[in-house]
Amino acid sequence: MTAHNANLAAPSGTWLNQWEPENQAFWEAGGKRQAWTTLVLTTAALTMAFITWFLVSALVVRLPQIGFQFTASQLFWLAAMPGLAGGTLRLIHMFLVPIYGTRHVISLSTLSLLIPLVGWFYAVQNPETPYWVLMLLAFLAGLGGGNFSSFMPSTSMFFPKRLQGTALAIQAGVGNFGVSVVQFVTPWVIGFALLGGMAWVGEPQTMTRAGVESQIYLQNAPLVMIPFVAVFGITAWIFLKSIPIKSNFREQFDIFKSGHTWSQTSLYIMTFGAFSGLAATFPLLIRLIYGDYEGAPDPLAWAFYGPLIGSASRVIAGPISDKLGGARVTHWAGLGMLVCAGLVAWIVTGADSLASFPMFVTGMLALFFFAGVGNASTFKQMPMLFEPRQAGGVIGFTAAIAAYGPFIFGMLFAWSFGAFNSAAPVFWGLAAFFAVNVALNWVLYARKGAPYPC
């Protein structure tokens, strides 16, 4: 690459002057370094977004134990609200990067996470906090969910097609780890006073569990995240640049003319919709199915393993999808999800003691594993079916619709427990939905001689 061409890649203010990731000379001369640096910074910020998005799922199981008087339906609504917000906000985020650029969108959306974190810090310290306030804060936690649909399209445009499966899997997989982080860290950090028990960090709450009282600091869960969000948001503003792929709001609607947009949306609902929905409701499922038995398990001691496994499998499946093709990997992931959903439905149908708990957890963890694999493989399919700007839009749109998973699953489980006092109907329905999508992917993309191999 000549010095002249190398200079074309140099940043000018917010926007890079040139971006040609498919040009190998350009890529090696500086494009690769810029892309991977951007991936690292945006992935760190995305992890905090997922932590904020799923914070409510970690807090909601503790609220009744510290004096909040809510029904099971009200708790499921609280767990569902971030999903409603996340999906809705993603429909906005999917258009932002081609208009405002990576730097502005990533940094400002990351800093916006401070709003729900500070709100929850204060709200959980008073059991008299009105339910509508908690619902509003749960909705605002969805700001973290919305970020995904601008982060991922941005990443897809920074990398050449041959590496997009890997790059998108790394970002989304590591970002998804935020779900496990918040569910794992919460029961640990709430057990002691931070900063020497200084008054401004709040007073402890009395938790009653199995007839035993103890002191906890539930406000610690959002508090420990606040400095990380602030640092990552400011870092993004300082170091990130935007690539010169621009498009106005109207032009980006061309993705809805393609049938692939809708088939890929259905496939991503199967994979990420299930991952996010089950991650948000897994703690409550454990509590409602097994919480009344003597020696009942602590939901947060188990629930974080699901998103942890799903996130790890997403990272691993990215390079595999680059090598084998996304459609083939999606096919096997969908079959695995189908079998696991049927297995969990059968287990919870006969759950009448703690004896079935190990089988239930095993089935759920296997379901998370295959969902993570499918999350990576579907994101490999999309860039192969569309040109870069459209691929970013499709990734953003499918992610937006699938982000309603926590809301939809929360509502489904609230209905299922209210009508049948069981989670089984939901899992049988999931098995049927997975079967339809496996067939769809097979016919269009995965079979030998498929019209659109990808």
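That block above? That's the structure.
How each quantity is defined
- All residue numbers here refer to positions counted from 1 along the written sequence of the relevant chain.
- Given that this is a predicted model, residues contribute local features only at a pLDDT of at least 70 and side-chain atom pairs are listed and counted only at 80 or more, while totals for whole chains, interfaces and linings are drawn from all residues.
- Side-chain metrics in this entry use all non-hydrogen atoms of the structure; hydrogen atoms and water are not considered.
- Every helix listed is a DSSP run of H or I at least four residues long, and every strand listed is a run of E at least two residues long, numbered separately from the N terminus.
- Between the two quantities, the radius of gyration covers C-alpha atoms and the globule rule is 2.2 Å times the number of residues to the power 0.38.
- Categorising residues by exposure relies on relative accessible area from a 1.4 Å probe, with only protein chains included: less than 20% of the type maximum marks a residue as buried, more than 50% marks it as exposed, and the intermediate range marks it as partly exposed.
- Here, residues are in contact when the closest pair of their heavy atoms is within 4.5 Å.
- Areas reported as accessible are Shrake-Rupley estimates using a 1.4 Å probe. Residue values count occlusion only from the protein chains shown.
- In this count, Lys and Arg are taken as positive residues and Asp and Glu as negative ones, while His and the chain termini are left out.
- A charge is said to be at NZ when it belongs to Lys, at CZ for Arg, at CG for Asp and at CD for Glu.
- Under the convention used throughout, the expected extent of a helix is 1.5 Å for every residue step, that is, one less than its residue count.
- For helices, the fitted axis covers only the stretch in contact; all axes are lines through C-alpha atoms, and the angles between them, taken along N-to-C directions, range from 0 to 180 degrees.
- Relative orientations are named as follows: roughly parallel for angles under 35 degrees, roughly antiparallel for angles over 145 degrees, roughly perpendicular for angles from 65 to 115 degrees, and oblique for any other angle.
- Crossing handedness follows the turn of the near helix against the far one: under a right angle anticlockwise gives a left-handed crossing, and clockwise gives a right-handed one.
- The definition of a polar contact used here is a pair of N or O atoms within 3.5 Å, where within protein one atom must be able to donate a hydrogen and the other to accept one, and adjacent residues in sequence count solely through side-chain atom pairs.
- What is meant by a nonpolar core is a set of buried Ala, Val, Leu, Ile, Met, Phe, Trp, Tyr and Cys residues, joined one to another through side-chain atoms within 4.5 Å.
- When a carboxyl oxygen of Asp or Glu lies within 4 Å of a side-chain nitrogen of Lys or Arg, that pair is called a salt bridge.
- Only centres within 6.5 Å qualify two rings of Phe, Tyr or Trp (six-membered ring in Trp) as a pair; their planes then separate them into stacked at under 30 degrees, edge-to-face at over 60, and tilted for everything else.
- In this analysis the charged atom, NZ for Lys or CZ for Arg, is taken to sit over a ring once it is within 6 Å of the ring centre and within 35 degrees of the ring normal.
- Charged means Asp, Glu, Lys or Arg here, nonpolar means Ala, Val, Leu, Ile, Met, Phe, Trp, Tyr, Cys or Pro, and polar covers whatever is left, Gly included.

Engineer: Hey, could you run me through the overall build of the chain in this one?
Structural biologist: Helix and strand content of the chain: 20 helices and four strands. Taken over C-alpha atoms, the radius of gyration comes to 22 Å for the chain, in line with the 22 Å a tight globule of 454 residues would show. In terms of its C-alpha atoms, the chain occupies a principal-axis envelope of roughly 75 × 55 × 35 Å. Among the 454 residues that make up the chain, the fraction classed as buried is 59%. In the chain, the proportion of contacts linking residues at least 24 apart, taken out of those at least 6 apart, comes to 83%. Only carbon and sulfur atoms are counted for the fraction: they give 68% of the accessible area of the chain, which is about 17,000 Å². One finds the centroid of the 20 positive side-chain charges in the chain at a distance of 15 Å from the centroid of its 14 negative side-chain charges.

Engineer: Could you clarify how one ought to interpret helix 8 (residues 131-146) in this entry?
Structural biologist: Because each turn of an α-helix spans 3.6 residues, side chains separated by three or four positions end up pointing in the same direction. The end-to-end C-alpha distance of helix 8 is 23 Å, a good match for the 22 Å that 16 residues give at a rise of 1.5 Å each. Inspection of helix 8 places L134, M135, L137, A138, A141, G142, L143, G144, G145 and G146 among the buried residues, and these make up the whole buried set. Those residues of helix 8 that are buried lie in contact with helix 2 (24-53), helix 3 (55-59), helix 4 (72-93), helix 7 (114-123) and helix 9 (148-158).

Engineer: Looking at this structure, I do not really get the packing of helix 4 against helix 8. What am I missing?
Structural biologist: A pair of packed helices is characterised by two quantities: the angle between their axes and the separation of those axes. Contact pair helix 4 / helix 8: the axes reach a minimum separation of 7 Å and the direction vectors enclose 40°. With respect to helix 8, the element helix 4 is oriented oblique. Of the two elements, helix 4 crosses helix 8, and the hand of that crossing is right-handed. Contacts between helix 4 and helix 8 involve Q74, W77, L78, M81, P82, L84, A85, G86, L89, R90 and H93 from the former and Y131, L134, M135, A138, F139, A141, G142, L143, G145 and G146 from the latter.

Engineer: I'm lost on the side chain of S154 in this one. Help?
Structural biologist: By the element assignment, S154 lies in helix 9. Taking the relative accessible area as the measure of exposure, S154 reaches 2% and is therefore buried. Engagement of the side chain of S154 in a polar contact is seen with the side chain of T102, the distance being 2.7 Å. Not counting the four nearest positions on each side in its chain, S154 is found in contact with V97 and T102.

Engineer: I'm lost on the nonpolar core in this one. Help?
Structural biologist: Taken as a class, soluble globular proteins show a tendency for nonpolar side chains to be buried jointly. F360, F413 and F427 are the most contacted members of the largest nonpolar core, which has 118 residues in total. The contacts of F360, once residues within four sequence positions are left out, are F282, L285, I286, I289, Y290, V344, I347 and V348.

Engineer: Which parts of the structure should I look at to understand the pattern of salt bridges?
Structural biologist: Opposite charge on two side chains makes pairing possible when the charged atoms of those side chains draw close. Within the structure shown, the criterion is met by four salt bridges. Salt-bridge contacts for E28 lead to K32; the nearest nitrogen and oxygen are separated by 3.3 Å. With E28 and K32 both in helix 2 and four residues apart, this pair spans about one turn of that helix. By relative accessible area, which is 33% here, K32 ends up partly exposed. Linking D298 and R62 is a salt bridge whose minimum nitrogen-to-oxygen distance equals 3.2 Å. One end of the pair, D298, is in the loop between helix 13 (259-290) and helix 14 (299-303); the other, R62, is in the loop between helix 3 and helix 4, and 236 residues separate them in sequence.

Engineer: Where do I start with the packing of aromatic side chains in this structure?
Structural biologist: The geometry of an aromatic ring pair comes down to the distance between the two centres and the angle between the two planes. Using the criterion set out here, one finds 41 aromatic pairs in the structure. Ring centres of F50 and F272 lie 6.3 Å apart, and the angle between their planes is 85°; this geometry places the pair in the edge-to-face category. With F50 in helix 2 and F272 in helix 13, the pair connects residues that are 222 residues apart, well separated along the chain. F272 carries the same exposure label as F50, and that label is buried. When the ring centre of W237 is taken as origin, the NZ or CZ atom of R103, which lies over that ring, is 4.0 Å away. If you follow R314 out to its NZ or CZ, it ends over the ring of F379, 5.1 Å from the centre.

Engineer: Mind showing me how you'd approach the packing of helix 4 against helix 19 (residues 405-420) here?
Structural biologist: Following both chains from N to C, one finds helix 4 and helix 19 inclined at 155°, their axes separated by 6 Å at the closest point. On the basis of their axis angle, the class for helix 4 and helix 19 is roughly antiparallel. Viewed along their axes, helix 4 and helix 19 form a crossing whose handedness is left-handed. Where helix 4 abuts helix 19, its residues F76, W77, A79, A80, G83 and L84 lie against P406, F407, G410, M411, F413, A414 and F417. In the contact of helix 4 with helix 19, the residues fall into 11 nonpolar, two polar and no charged.

Engineer: Please clarify how the environment of N375 should be interpreted in this entry.
Structural biologist: Structurally, N375 can be placed in helix 17 (residues 357-385). Residue classification places N375 among the buried residues on the basis of a relative accessible area of 0%. The sequence separation of N375 and P153 amounts to 222 residues, and the corresponding C-alpha distance is 15 Å.

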